[in-house]
Amino acid sequence: MTANHSPASLHRRTSRAIVADRAATIVLWGTAAFVLLLLGTIILHFALAAWGVVSLGFIFGDPSDTALGGVFPVFWNSIYMLALTMLIAVPVGILGGIYMSEYARETGPLGLVTSAIRFAEEAISSVPSIVVGLFGLILFVDTFRWGFTALGGAFALTLFNLPLMTRLSEQALRAVPQDERQASLALGATKWQTIRHVVLPLAIPGLVTGVILTAGRVFGEAAVLLFTAGIGTPVHYDFANFNGFGLDFNSGWWHTSPWSPLRPATTLSVYIWKLNSEGLGAFKNQLADGSAAILIGMVLIFNLGARAVGRVLTRKLTAA
Amino acid sequence: MARLIAADRPSTLKVETGRLARIDVPMIVVFMAAASMIAIVVLLLLFISWQGIQLFVKDGYSPGTILSPTWDPLANTPAFGLLPFIAGTLVVTAGALLISTPLSVGLAAFLSEVAPNWARSVVQPALEIFVGIPSVVWGWLGLTTLVPFLSDTFSGPLVVSLPVVGKVFSMPGFLTGFSWLAGSLVLSVMILPTITSVSYDSFRAVPQELRTGSLALGTTRWQTIRHILIPAALPGILTAVVLGMTRAAGEALAVQMVIGNSPTLPAAITQPVTTLTSQITLDMGNTVFGEPWQDALWTMSLVLLVLSIASVVLVRLINKRRMPL
Amino acid sequence: MPTTATFPQPVIRRVEVGSSIVAEQAATAPADLKISTEHVSVKYSGKTAVRDVSLEIRERSILALIGPSGSGKSTFLRCFNRMNDLIPGATVEGEVCLDGEDIGDAGVSVVELRRRVGMVFQRPNPFPMSIYENVAYGPRRRGMNSRAQLDELVETSLKRAALWDEVKDDLRRKSGLALSGGQQQRLCIARVLATDPEVILMDEPASALDPVSTLRIEELMRELRENYTIVIVTHNMQQAARVSDVTAFFTMAEDRAGYLVEMGPTGRIFTRPAERLTEDYISGRFG
């Protein structure tokens, strides 16, 4: 067995394995570069397409039949739907997250309930958004006889995004060290007091990040809204009009107050789809490009916002 | 001192509380919030199933209709064969997975094994922005850039002038650009972040000792990725692919905008096809509640619902059978 | 107990400890020299973990690196196959030579180096695949595809690692992870042997094992010494005394950097250490 000990130079000719390794390294770097390039191109594409279209007048102006006009009604609806949805989804999601993080048992009969909840969480996440939209159609529009309403859309969006909000909240709460809970419980605080005054405050950075990420998804969603909040033509909104606040379902769906949750509400994303599927106007492309650019801009804001807010809050809480 | 702890003294540790006070209100509230998701799933299944079976129960079509290739809702005896839509969904999804899986797993391997910190801190936020781009924006982008590009570049028959290969590839060229390929390409970009991030997590979960063990035997990094990490991360990668598949099969608007929506069986990747989601999107608003045409759309949504629940079960099976290595 | 007298006289030319120099001269043909290090220091992100170690290792001998934990033994061991390259922020200064060739040279293939300098880790780390595939892994990656050749290599490697008899019946069916801890470690040794190394580095190979498995590993090392140069890190002094020919004692300086205190034939180090620090450590007066 001395043959194998013959001195061999370490400076070996490049073997096939080493060539393959170099090639693979180049390919893997190339993959990453490709994805970055693609994203860069997309953002640049919309920046160029929106050049000369998107302006404050475009975002905050009323639509027009003869000129390019603005998209303010649909932009307002996007914001309005977002607020309405988050108003329902955030509390329910955080409360659900509290249950999953602080109370859920993994064993026994309650363990079965926990796994049923987890299964439901995964199931809703995997149901196509269009099917969730149809569910909203049959439940809110038809069964409840609301017609197409912002409220129905917001409920449909809520149930579609509840799993995400719940899971992100659960993760944020689970990230709070166990020691903090024990310290509080050892001082004689009840479980709820501990959650309320110790765990929740410490989880705020994670919760805020979760809220912003969920908001980003809600803001861009369209398929859920097609058949729940409706697809309409943007009209001028009169913000002094408060018609439709008697919760009067019988007066029909044509409430005209932009504040009313019982009116149809076409959002930016639904508007892009509408322009494509039935839009005939001369400015169809500019309107869609401009709307898409606004959506991408909002996505960037939501993403950077989630990061920045998360960082700032973490620093504040850990420094305090 | 022992006398003080007499048995007849009331315990100070057992606080007398009424029955009502013993009910843990916060727990009930948070439980209801979490359990609401079970209620949502049950309602969703009930409502969609009920609507979905009307085509068979009320309109008298046989369940075999699901697999019939003829879709003609305007004929004298309307035909509601769902096969073109199911097949379309399957092939468009398969195309997207074929394009996206190698790219995504490669990107995950890059992030986990190759990327220096600075590169990771650039690519990861980029992926998050990818996830955030709404599907209508992808559709609009595909419609205004990809579809014209395909049509301009590859119009006419795609005949390759080689003897044998030419025959195989002599498929019709893009007439308009609206096609199976356009749908698969748009979807592949949309599911890229999903497959990448789940695969990335499963690469990270492979114990460090396996990497050092392999490298210490004088193997290259690529050999270690190829022969140790990918096999060890396989259940996670499969999960990632199933999740990507679910997302692709359920995507509605982006696909609808670029595939051309022709309710026939898929013939070539250069030709228009249709999917379950895009037909629902197109027709739902143009049909009347209760007519067979709309009932057929509800049956499509039931098929989608069944597919998505099946994928959740599949993911669970993959992860349960994660072999004790 | 170790019969040091029959062991070949180790080669130690110069060992520097700070300013004092402990020199032990032994006349040897340079051909016997397998590894030498010159002023090797290792830093992790600027913090020195190992300072200025120079030593020489003779072919087909067992060198034990002993010393308290944190004294840089394992870090130093990883210099021999450049595993420190894998740790971000780690830098190695000085020169490590294998058969007179500087392994830190720009043109050196780390892959080839690690093939020739195998390593066994503290925790057994078999791959999640069959016993057969574990052993065949290295040769396969080097392009060996012949079934007959692989079969033979797997068998000889497992036999040399004293594992063959226990696993020969389900080589292909049983996962490497299904073995006991001691068997796993021998599998890892077989895996290294299959790549035909010249040097085997062992980083506390028995610290995670029970006493019986430990003894088997030690027996195995004595057998492997016939053909391989072995460097073992251990904090078990009895183990060092039982198996090694030469022992090097490391300790920590005040700035927590590890350094070599002294090195010599194992019998001498354990009976007549030259340094007070060594004596304190082996007699248990340390820490």
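Note that the coordinates shown come from a computational prediction; the quantities given were computed from them, not determined experimentally.

Trainee: Just checking my understanding: could you explain the interface of chain B and chain A for this structure?
Mentor: Interface extent is often summarised as the accessible area lost during association of the parts. Between chain B and chain A, the residue contacts involve 76 residues of the former and 73 residues of the latter. Buried surface at the junction of chain B and chain A, both sides included, amounts to about 6500 Å², of which 84% is carbon and sulfur. Of all residues in chain B, Val30, Met37 and Trp140 of chain B bury the most surface against chain A, accounting for 11% of the area lost on that side. If you look at where chain B meets chain A, you find two salt bridges. Arg316 of chain B serves as the salt-bridge partner of Glu122 of chain A, at 3.1 Å between the closest nitrogen and oxygen. Summed over the shared surface of chain B and chain A, the result is eight residue pairs in polar contact (both at pLDDT 80 or more). Looking at the side of chain B that touches chain A element by element, the count peaks at 18 residues for helix H2 (residues 25–52) of chain B. Among the residues making up the side of chain B that touches chain A, the classes are represented as 55 nonpolar, 17 polar and four charged.

Trainee: Would you mind showing me how to read the pattern of salt bridges here?
Mentor: Pairing between side chains of opposite charge can happen when the charged atoms of each approach one another. Counted under the stated rule, the structure contains 30 salt bridges over all chains. Between Glu113 of chain B and Arg211 of chain B there is a salt bridge; the shortest N-O distance is 2.8 Å. Placement of the pair is Glu113 of chain B in helix H4 (residues 83–114) and Arg211 of chain B in helix H9 (residues 208–216), with a sequence separation of 98 residues. One salt bridge in this structure joins Arg123 of chain C and Glu209 of chain B, with 2.9 Å as the shortest N-O distance. With Arg123 of chain C in the loop between strand S8 (117–120) and helix H3 (131–141) and Glu209 of chain B in helix H9, this residue pair bridges two chains. A single network of salt bridges, built from pairs that share partners, joins Glu106, Arg118, Glu170 and Arg174 of chain A.

Trainee: Explain H2 of chain B here, please?
Mentor: The α-helix winds at 3.6 residues per turn, so residues separated by three or four positions along the chain end up facing the same way. Residue and element names in this part refer to chain B. Over its 28 residues, H2 extends 39 Å from the first C-alpha to the last, a length consistent with the 40 Å expected when each residue adds 1.5 Å. In the structure, H2 departs most strongly from a straight axis at Ala34, where the bend amounts to approximately 30°. Those residues of H2 that fall on the buried side of the exposure criterion are Pro26, Val30, Ala33, Ala34, Ala35, Met37, Ile40, Val41, Leu44, Ile48, Gln51 and Gly52.

Trainee: Which parts of the structure should I look at to understand a nonpolar patch on the surface?
Mentor: Residue and element names in this part refer to chain B. Taken together, Ile23, Val25, Ile28, Val29 and Met32 make up a surface patch of nonpolar side chains, about 450 Å² in accessible area. Summarising the element assignment, Val29 is placed in helix H2. Since its relative accessible area comes to 39%, Val29 is described here as partly exposed.

Trainee: I keep staring at the domain arrangement of chain A and nothing clicks. Help me out?
Mentor: Residue and element names in this part refer to chain A. Along its sequence, chain A is organised into domain 1 (20–51) and domain 2 (56–319). Using C-alpha coordinates to define each centre, domain 1 is positioned 31 Å away from domain 2. Taken together, the contact pairs five residues of domain 1 with five residues of domain 2. Note on domain 1 versus domain 2: buried area summed over both sides is about 420 Å², and carbon and sulfur give 86% of it. Counting the contacts that link domain 1 with domain 2 gives zero salt bridges. Counting the contacts that link domain 1 with domain 2 gives zero residue pairs in polar contact (both at pLDDT 80 or more). Residues belonging to the side of domain 1 that touches domain 2 are distributed by class as follows: five nonpolar, no polar and no charged.

Trainee: When you look at the packing of aromatic side chains in this model, what are you seeing that I'm missing?
Mentor: To describe a pair of aromatic rings, you give the distance between the ring centres and the angle between the ring planes. According to the stated counting rule, one finds 23 aromatic pairs over all chains in the structure shown. A ring pair is formed by Tyr99 of chain A and Phe31 of chain B, whose centres lie 5.1 Å apart and whose planes are at 70°; its orientation type is edge-to-face. With one member in each of two chains, Tyr99 of chain A in helix H3 (residues 72–103) and Phe31 of chain B in helix H2 form a pair that bridges those chains. Chaining the aromatic ring pairs together yields one cluster made of Phe140, Phe144, Trp146 and Phe155 of chain A. Its end group placed over the ring of Phe160 of chain A, Arg217 of chain A keeps NZ or CZ at 5.0 Å from the ring centre. In this structure, Arg263 of chain A is placed above the aromatic ring of Tyr80 of chain A, and the distance from its NZ or CZ to the ring centre is 4.8 Å.

Trainee: How should the pairing of strand S12 (residues 258–265) of chain C be read in this particular structure?
Mentor: Regular strands have side chains that alternate between both faces of the sheet. Residues and elements named next belong to chain C. Counting buried residues along S12, eight of its eight residues qualify, which places the element largely inside the surrounding structure. In this sheet, S12 lies alongside strand S11 (residues 246–252) in antiparallel orientation, the contact comprising seven bridges. Residue Thr251 lies in a different strand from S12, and its bridge partner there is Tyr259. Counted between consecutive antiparallel strands, the loop separating S11 from S12 contains five residues, among which Arg256 sits at a positive phi close to 70°.

Trainee: When you look at the packing of helix H5 (residues 117–132) of chain B against helix H8 (residues 180–204) of chain B in this model, what are you seeing that I'm missing?
Mentor: Residues and elements named next belong to chain B. Two numbers describe how H5 lies on H8: the axes approach to 9 Å, and their chain directions differ by 130°. Relative to H8, H5 is oriented oblique. In this structure, H5 meets H8 at a crossing whose hand is left-handed. Between H5 and H8, the contacting residues are Arg120, Gln124, Leu127, Phe130 and Val131 on the first element and Val189, Leu192, Pro193, Thr196 and Tyr200 on the second. Within the contact of H5 with H8, the residues separate by chemical class into seven nonpolar, two polar and one charged.

Trainee: Hey, could you run me through the pairing of strand S6 (residues 90–98) of chain C in this one?
Mentor: Residues and elements named next belong to chain C. Relative to S6, strand S3 (residues 33–44) is paired through eight bridges, and the arrangement is antiparallel. Each residue of the ladder has a partner; that of Val42, found in S6, is Val92. Direction of pairing for S6 relative to strand S7 (residues 101–102): antiparallel, over a ladder of two bridges. For Leu98, the partnering residue across the bridge sits in S7 and is Glu101. Counting the residues that bridge the hairpin from S6 to S7 gives two residues, and of these Asp99 lies at a positive phi of roughly 50°.

What counts and how
Residues numbered from 1 in each chain as written. Chains lettered and ligands numbered in written order. Predicted model: local features only at pLDDT ≥ 70, side-chain atom pairs only at ≥ 80, totals over all residues. Heavy atoms only, no water. Contact = heavy atoms within 4.5 Å. Buried area = accessible area lost by both parts, 1.4 Å probe. Salt bridge = Lys/Arg side-chain N within 4 Å of Asp/Glu carboxyl O. Polar contact = N/O pair within 3.5 Å; in protein donor to acceptor, adjacent residues only side chain to side chain. Helix = DSSP H or I, 4+ residues; strand = E, 2+ residues; numbered from the N terminus. Nonpolar A, V, L, I, M, F, W, Y, C, P; charged D, E, K, R; others polar. Expected span 1.5 Å × (residues − 1). Bend = angle between axes of the 7 residues up to and from the residue. Buried < 20%, exposed > 50% of the residue type's maximum accessible area, 1.4 Å probe, protein only. Patch = residues over 30% accessible without salt bridge, like charges linked within 9 Å, V, L, I, M, F, W, Y side chains within 5 Å. Areas by Shrake-Rupley, 256 points an atom, 1.4 Å probe, with all protein chains shown as cover. Domains from an automatic or database assignment. Phe/Tyr/Trp six-rings, centres within 6.5 Å; stacked < 30°, edge-to-face > 60°. Lys NZ or Arg CZ within 6 Å of the ring centre and 35° of its normal. Pairing = 2+ DSSP bridges. Axes fitted to C-alpha atoms, helices over the stretch in contact; angles between N-to-C directions. Parallel < 35°, antiparallel > 145°, perpendicular 65-115°, else oblique. Left-handed = near helix turned anticlockwise from the far one by under 90°.

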